[in-house]
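# Coordinate analysis (summary)
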Amino acid sequence: MLIHVLLLNTLLEVRRRSEALIEPLEPEDLGLQGMADASPPKWHLAHTNWFFETFLLQPHLRGHQACDPRWSFQFNSYYEAVGARHPRPQRGLLSRPAIREVLAWRANVDVGLQTLLNDPSAEIVQLAELGLQHEQQHQELLLMDLLDGFSRQPLEPCYSADADLAIGPLSDGWLDCEAGLVEIGHHGAGFHFDNETPRHRVWLDRFQLQSDLVSNLHYQAFISDGGYNRPELWMSEGWSLCQQNGWESPCYWRGNDQEFTLAGLRPLDPEAPVRHLSWFEADAFARWCGARLPSEAEWEHALAMHGPDLQHAHGALWQWTASPYRPYPGFNPPPGAIGEYNGKFMSSQFVLRGSCWLTPQGHGRDTYRNFFSPASRWMASGIRLAR
């Protein structure tokens, strides 16, 4: 019973944090969608609520009054088994329901969750934990999407003066890892996403992993050496994107001395880690350095071996790896719509490891497998080299 109370309290605390994230915003900001890959803040609040209602309350809480089915159409993200949905690139067109209606809907769902978690079955506990973690994912996405939307505006709005990454000096060194057969993947108790399992063995040759993240200063040297104008450093697809989109520096740099952030336009700190880069940029930079990106197995094993000596593994930036996002050997997604959560995206993407400063406390894990298209550069991504 105590475990159920703790789960409910944690869940409601997470839900309140989602709503607190929009407090610095103006009403006009809540429908902002800067690009097709992003979503408006109001949509994130509604979608996470839809998740709880669709997968917990409707099937498990007797007498629950479901939302307007048109809302379900608007706020379903990608669950084909649930039904049709509004096109993702057009989420910014959804001016209704109003934010007051979305918040009232969330309050109603909270009441239902409290009732359902009073004496829950094991299945309900598992779904509630998944919903909690799902909402935390969207808290991070809400802020990354907002940064993209704000960055496109001439007035360069500030979300919050204390919302930017604060980090101490980066170290300069390499950590040795011997060759051997190692195990990676989730093990033991505690929540994990299905894509973190099964735990399995991987052979690793001897390698070194950079003890810290790559700095802006180091990346500026790549730019000064013509890194964005040297096709021999780039994958063919990345070079085409670089030319088509006019990439000359990381996503939010403004010239060589300023960077747009959630705290507004700030001086570019040469000692801070470089961020908001695509996989193609990270890969080209690594090649320029005579190094490479680590595999996700190398990253996870190095952290297990070296612990805190692998600095800023968590809480700073997600770190690109050389590993395509593919299922682990023996992976089986759960049945039904929930099985669409991760498994169907295991193609055409690369894995990022760690967590970032926008990741909610308690959400990150050493086995966490984040994933994005190699062309994506709006996320809180950084570089750690291997050799």
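Criteria and cut-off values
- Residues numbered from 1 in each chain as written.
- Predicted model: local features only at pLDDT ≥ 70, side-chain atom pairs only at ≥ 80, totals over all residues.
- Heavy atoms only, no water.
- Pairing = 2+ DSSP bridges.
- Helix = DSSP H or I, 4+ residues; strand = E, 2+ residues; numbered from the N terminus.
- Phe/Tyr/Trp six-rings, centres within 6.5 Å; stacked < 30°, edge-to-face > 60°.
- Buried < 20%, exposed > 50% of the residue type's maximum accessible area, 1.4 Å probe, protein only.
- Lys NZ or Arg CZ within 6 Å of the ring centre and 35° of its normal.
- Axes fitted to C-alpha atoms, helices over the stretch in contact; angles between N-to-C directions.
- Parallel < 35°, antiparallel > 145°, perpendicular 65-115°, else oblique.
- Contact = heavy atoms within 4.5 Å.
- Nonpolar A, V, L, I, M, F, W, Y, C, P; charged D, E, K, R; others polar.

## Topic: the sheet that holds strand E9 (residues 350–353)
One open sheet accounts for four strands, arranged E10-E9-E8-E11; its pairing is mixed. Every other strand in the sheet has two partners, leaving strand E10 (370–372) and strand E11 (381–382) as the edge strands with one partner each. As paired strands, strand E8 (residues 318–324) and E9 are joined by three bridges and run antiparallel to one another. Looking across to E9, one finds that Gln 319 is bridged to Arg 353.

## Some details on the packing of aromatic side chains
Counting across every chain of the model gives 29 aromatic pairs. Ring geometry for Tyr 228 versus Trp 234: centroids 5.6 Å apart, planes at 50°, classification tilted. Of the residues examined, Trp 234 reaches a relative accessible area of 6% and is grouped as buried. Over the face of the ring belonging to Trp 43 we find Arg 91, whose NZ or CZ atom lies 3.7 Å from the ring centre. Above the face of the Tyr 328 ring, Arg 369 is positioned so that its terminal group lies 4.0 Å from the ring centre.

## What to know about the packing of helix H6 (residues 216–224) against helix H8 (residues 279–288)
Two numbers describe how H6 lies on H8: the axes approach to 11 Å, and their chain directions differ by 80°. It follows from the interaxial angle that H6 and H8 lie roughly perpendicular. Across the interface between the two elements, His 218, Tyr 219, Ala 221 and Phe 222 of H6 pack against Glu 281, Ala 284, Phe 285 and Trp 288 of H8. Split by residue class, the contact of H6 with H8 holds six nonpolar, one polar and one charged.

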